[in-house]
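The residues making up each chain are set out below.
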Amino acid sequence: MSLRPNESFYNNPIIHEDYSDPDAIAVGDDFYMVASSFAHVPGLPLLHSTDLVHWKLIHYILPELQFLERSSDYDLPRHGEGVWAPSLRYHNGRFWVFFSTPDEGIFMCSAKEPTGPWTAPHLLKKVKGWIDPCPFWDEDGQAYLVHAFAYSRTGIRSKLQAFRMSADGRELQGEGQIIYDGGLVHPVMEGPKWYKREGMYYIFAPAGGVSHGWQVVLRSEHIFGPYEDRIILQQGNSHINGPHQGSWVETTAGESWFLHFQDKYAYGRITHLQPMEWSDGWPIIGQYQQGDTAGEPVEMWRMPVVPRSTASEDSLSSRYSLYDEQIQLISRATMAFGLQWQWQANIQPDWYANDYEHQAIRLYACAFPSQLANVTDQALLYEAPQLLLQKLPSTDFTATTCLHIYPQSITERFGMTLFGRTYTYLAIEKNAEQQYRLSLIRGYTHQDEDGQELEHPVEQEVWHTILDDLEAISSQPYMPNPIYMRVSVWLDNESTHHLSPISDAREDQIPVSILHAAQSQFSYSLDGTNFVDIPYVASVHPGHWVGAKVGIFAVDLNKVSEIVQSTDQDQGTIGYAEYSLFVIEQQS
């Protein structure tokens, strides 16, 4: 495989955001992609492209996480749970999405149009630990489904199980069959995607683990096997660790392409696009030498051949955004959130309101249940469902927000966070002395700063100041002028000067936390121009199966035992912040 001269090129990654476990399809000259969303709401993002390189987030299939009847399990954060590794297909004039939640089961949604309306999740199988389902409709109309297992729930590892399925995708039929066991050869096999080509059945499946795995293809003449296996993509001598878990897409021009993720630690699992060819009935992905059966990821390649009339206008532009660049916080026209924003749990109506007069979003400092009743004096931000967050957009960027606070209690906090399993947030409050106090908090959920295991989550204040220029007046319950908060994030190049791990490396050789270390620093301003750097540089860490996120919040850290929705009458007793600005500036 060689580069062609005089053509347009693209660079990997094509999406430097945490859209993990991507699955994509072609419908005519349009391409659609879904990704894992875990317990974030809204869930199950759907993206669209006309050239496989430039993508736009256009819809969420799940406006809320409601999987079992009368269940409110996702009204509070369930970090790392929720929607895992969905599969997207177009069959019989409909779009189909199959996905699993590791503790509830396997579900299906469908729609005539990609932006809906989508059917509510239909439960095919109530079961723990059956994950990463993928449907397949054969030429005779018979439908099938293949899935993997979560070892943490089932004790089963590296095996794939297949079922016959009703043609309408609503029922699994008969007993499942284990059709492949990766064993020690392809450990941690998961994320299967089922295809058929020239009479042969193919299952594309990742193995080897998230950080340093490889891509396997299984091939058989019969749908239930036996399957032979081959590694078709691995890191090799490239700098792209763990190039695996994704989907094969064929264009109307007859070209084959493969989308996959790369685990980039704090930045999450970012998306790459690889060229793909077929040889002797086997695919081979990426750059390779004559005689190789496994390719290596490319960092740059020619653009896919697509009809000129459908090619993205952004293809010729140096400025490109996954989202509507004019809606960073809310739309001035509709007062709706930009699609990049997600909550940590199912949305409650008392969390926010639109302030039409000031063209701002109002976040209320609601209390939330704490699971640490006998451990900490106050609730921790990690437990808060009402954090409004978005994915990190690039290796180096700044995010700036402007807020005006109207506090009602000394336990209320308002501010900005860089959120993960270890997190940092900048918060403003009005204390008991009627002073406006600004503090920087570092939170740890599993390990402290030195990597020592913790018995329970903790938070530590690492810096604070009193804003003497903002005198609180008892008769004036709001802050006299707004405060600007900013966080700067950058890739820590000092930590990346290491040899890349070989393709069969394990995570204990060169962890992705070293390969892709990120640092951050918060600052603040009272005029939006002159920012004061807070003298504390913090490492950035991912969340549970997700990259770090950045965003805003309003919380009451006073402990409560259960969710209590406030009424209109209660709103006058709850403090709030009005956020009128949220801007991200990418530095690279």
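Sequence order sets the numbering: in each chain, residues are counted from 1 along the sequence as written. Per-residue local features are limited, in this predicted model, to residues with pLDDT of at least 70; the limit for side-chain atom pairs, both in listing and counting, is 80 or more; totals at the level of whole chains, interfaces and linings are taken over all residues. Computation of side-chain values: all heavy atoms of the structure, hydrogens and water removed.

### Considering the overall build of the chain
Step number 1: In this text, helices come from DSSP runs of H or I with a minimum length of four residues, and strands from runs of E with a minimum of two, each type numbered from the N-terminal end. Within the chain, the regular secondary structure consists of two helices and 36 strands.
Step number 2: Two residues form a contact once any of their heavy atoms are found within 4.5 Å. For the chain, long-range pairs separated by at least 24 residues make up 62% of all intrachain contacts whose partners lie at least 6 apart in sequence.
Step number 3: For accessible areas, the Shrake-Rupley method is used with a probe of radius 1.4 Å. Any residue's cover is judged against the shown protein chains and nothing else. By element, 45% of the accessible surface of the chain is carried by carbon and sulfur atoms, the whole surface being about 24200 Å².

### Some details on the environment of Ile552
Step number 1: When you line up the elements, Ile552 lands in strand 35 (residues 549–560).
Step number 2: In this structure, the C-alpha to C-alpha distance between Ile552 and Leu426, residues 126 residues apart in sequence, is 9.6 Å.

### With respect to the sheet that holds strand 36 (residues 576–586)
Step number 1: Read across the open sheet, the seven strands follow the order 23-24-36-27-32-33-34; overall the sheet is antiparallel. Each of the sheet's edge strands pairs with one partner strand only, and the pair in question is strand 23 (352–355) and strand 34 (532–539). Strand after strand, the sheet turns through a mean of 25 degrees between neighbouring axes, direction not considered.
Step number 2: Here, strands pair whenever DSSP counts at least two bridges between them. The pairing of strand 32 (residues 483–491) with strand 33 (residues 518–525) spans eight bridges and is classified as antiparallel. Residue pairing for strand 33: Arg486 is matched across the bridge by Ser523. Each axis is a line fitted through C-alpha atoms, and for a helix only the stretch in contact is used; angles between axes span 0 to 180 degrees, taken between their N-to-C directions.

### What about the sheet that holds strand 9 (residues 122–126)?
Step number 1: Read across the sheet, four strands follow the order 6-7-8-9 without closing on themselves; strand pairing throughout is antiparallel. The sheet is open, and its two borders are formed by strand 6 (84–91) and strand 9, each paired with just one other strand. In this sheet, adjacent strand axes meet at a mean angle of 20 degrees when their direction is disregarded.
Step number 2: Two elements, strand 6 and strand 7 (residues 94–101), share six bridges in a ladder whose sense is antiparallel. Bridge pairing in strand 7 places Arg89 opposite Trp96.

### Considerations on the pairing of strand 36
Step number 1: Relative to strand 36, strand 24 (residues 360–364) is paired through four bridges, and the arrangement is antiparallel. Residue pairing in the sheet places Tyr364 in a bridge with Tyr576 of strand 36.
Step number 2: When strand 27 (residues 397–406) meets strand 36, the two strands line up antiparallel, connected through 10 bridges. When the bridges of strand 36 are listed, Thr398 appears paired with Glu585.

### Notes on the pairing of strand 35
Step number 1: In terms of residue burial, strand 35 counts as a mostly covered element, since nine of its 12 residues are buried.
Step number 2: Pairing of strand 25 (residues 366–369) with strand 35, which is carried by three bridges, proceeds in the parallel orientation. Residue pairing in the sheet places Cys366 in a bridge with Val555 of strand 35.
Step number 3: Here strand 26 (residues 388–391) pairs with strand 35 via four bridges, running antiparallel. Its bridge partner lying in strand 35, Lys391 is registered against Lys549.
Step number 4: Direction of pairing for strand 28 (residues 412–419) relative to strand 35: antiparallel, over a ladder of eight bridges. Counted as the bridge partner of Gly415 is Phe553 from strand 35. With a 1.4 Å probe rolled over the protein chains alone, any residue whose accessible area is under 20% of its type maximum counts as buried; one over 50% counts as exposed, and the rest are partly exposed.

### Structural notes on the environment of Trp137
Step number 1: On the secondary structure map, Trp137 appears in strand 10 (residues 130–137).
Step number 2: Of the residues examined, Trp137 reaches a relative accessible area of 11% and is grouped as buried.
Step number 3: Non-local contacts of Trp137, meaning those with residues more than four positions away in its chain, are made with Arg89, His91, Trp96, Phe98, Gln142, Ala143, Met165 and Ala167.
Step number 4: Here a polar contact is recorded for every N or O atom pair within 3.5 Å, except that within protein the pair must consist of a potential hydrogen donor and a potential acceptor, and residues adjacent in sequence are included only if both atoms are side-chain atoms. A distance of 3.0 Å separates the side chain of Trp137 from the backbone oxygen of Ala167, its partner in a polar contact.

### With respect to the pattern of salt bridges
Step number 1: The salt bridge definition used is simple: a Lys or Arg side-chain nitrogen within 4 Å of an Asp or Glu carboxyl oxygen. Applying the stated criterion across every chain yields a total of 19 salt bridges.
Step number 2: For Glu461, the salt bridge is made with Arg437, and the minimal N-O distance between the two is 2.9 Å. Of this pair, Glu461 sits in strand 31 (residues 458–471) while Arg437 sits in strand 30 (residues 435–444), and the two are 24 residues apart along the sequence.
Step number 3: On the basis of relative accessibility, which here comes to 40%, the residue Glu461 falls in the partly exposed class.
Step number 4: Residue class for Arg437 comes out buried when judged on its relative accessible area of 16%.

### Quick notes on the environment of Phe337
Step number 1: By secondary structure assignment, the location of Phe337 is in the loop between strand 22 (300–302) and strand 23.
Step number 2: According to the relative accessible area criterion, Phe337 is partly exposed, its value standing at 22%.
Step number 3: Distance in space between the C-alpha atoms of Phe337 and Asn354 is 9.8 Å, their sequence separation being 17 residues.

### What about the side chain of Arg269?
Step number 1: Inspection of the secondary structure puts Arg269 in strand 20 (residues 269–279).
Step number 2: Classification of Arg269 as buried rests on a relative accessible area of 7%.
Step number 3: For Arg269, the residues in contact, after removing those within four places along its chain, are Glu17, Asp18, Tyr19, Ser20, Asp21, Phe38, Val210, Phe261, Gln262, Asp263 and Trp545.

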